Amino acid sequence: MLIERSLSCASSHGLQLVIRRVQSSFNFFRAADYQQRGDSQDLSDTRDVHALPSPPSGEVAVSSLPFFSATNGWGPVERNTSNGEQAAGDGQPITLNGVVYASGLGTNAVSDVAVYLGGNCTRFTATVGVDDEQGAAGSVTFSVVKDGTTLTTTPVLTGSSASIDLNVDITGTQLLDLVVGDGGNGNGNDHGDWANAEVQCAD
Ligand SMILES: [Ca+2]
Ligand SMILES: [Ca+2]
């Protein structure tokens, strides 16, 4: 949904302020037209501002939280399926070494999903690996980042690696980033899954 309001200043400078709201993000665009020594001039500036959601409470699947931001190497990050192909919603059930997970994030490196926790959560848990849809191919790392500081990074995992269970103390985190790296060799087949990704938070 896009809400746009345009406010025009009554001054002769043609000052215009446009506010656009897209879900929880706000985009502020400001433009001014003016005359300087007889020449027409114009200036504009755009700022993106995020409206913070309420921090999560209890034990919550990360896939159910609003994304503060999300970048992905092939199409969008998928909720509760593998990455699939480039289209949204074309993933398969998240599957790591034959085990199917109903919940999680399906990504393709290089990917970074940020969620706002507001300091209310203490622990992050997930099982990570390259989704079975890539066979033995793919090579990725998984990093858990607290307010810009990396708390843990896995070794490079390929499609034939054992899955890794993550259990990370995230006490006090405002913004949690879940980052999938490409293992240093490009991002082909790098379908990294954050299976059963959950945060444990205060009620
Ligand atoms: Ca997809
Ligand atoms: Ca790779």
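Residues numbered from 1 in each chain as written. Chains lettered and ligands numbered in written order. Predicted model: local features only at pLDDT ≥ 70, side-chain atom pairs only at ≥ 80, totals over all residues.

Chemist: Describe in detail the pairing of strand β14 (residues 149-153), supporting the description with residues and values.
Modeler: Of the strand pairs in this sheet, strand β13 (residues 139-146) and β14 are connected by 4 bridges, and their pairing is antiparallel. Across the sheet, Lys146 pairs through a bridge with Thr149, a residue of β14. (Pairing = 2+ DSSP bridges. Helix = DSSP H or I, 4+ residues; strand = E, 2+ residues; numbered from the N terminus.)

Chemist: Account for the nonpolar core, with residues named and values stated.
Modeler: Counting residues in hydrophobic clusters, the biggest one holds 29 residues, and the most contacted among them are Leu105, Leu178, Trp194 and Ala195. Put simply, the parts of the chain that give this core at least two residues each are β8 (94-96), β11 (111-116), β12 (121-130), β13, β17 (175-181) and β18 (192-201). The element best represented in this core is β12, accounting for 5 residues. Those residues within four positions of Leu105 in sequence are excluded, and the remaining contacts are Val62, Ser63, Val77, Arg79, Val113, Leu178, Trp194 and Ala197. (Core = buried A, V, L, I, M, F, W, Y, C linked by C-beta atoms within 7 Å. Buried ≥ 20, exposed ≤ 12 C-beta atoms within 10 Å, placed from the backbone. Contact = placed C-beta atoms within 7 Å.)

Chemist: Requested: an account of the confidence of the model for the protein, with residues and values cited.
Modeler: Here the protein shows a mean pLDDT of 89. Residues at 70 or above account for 86%. Under a pLDDT of 50 for its full length, residues 1-13 has, in the predicted model, 14 contacts with residues more than four places off or in other chains. Per-residue pLDDT stays below 50 along residues 19-23; that stretch engages in 10 contacts with residues further than four places along the chain or on separate chains. (pLDDT = per-residue confidence, 0-100.)

Chemist: Before we move on, could you go through the environment of Leu175 and cite the residues and values that matter?
Modeler: Following the sequence through the fold, Leu175 ends up in strand β17. Judged by C-beta crowding, with 18 C-beta atoms within 10 Å, Leu175 ranks as partly exposed. Each C-alpha atom of the pair Leu175 and Lys146 lies 6.3 Å from the other, and the pair is 29 residues apart in sequence. Those residues in contact with Leu175, other than ones at most four positions away along the chain, are Phe68, Ala114, Tyr116 and Asp147.

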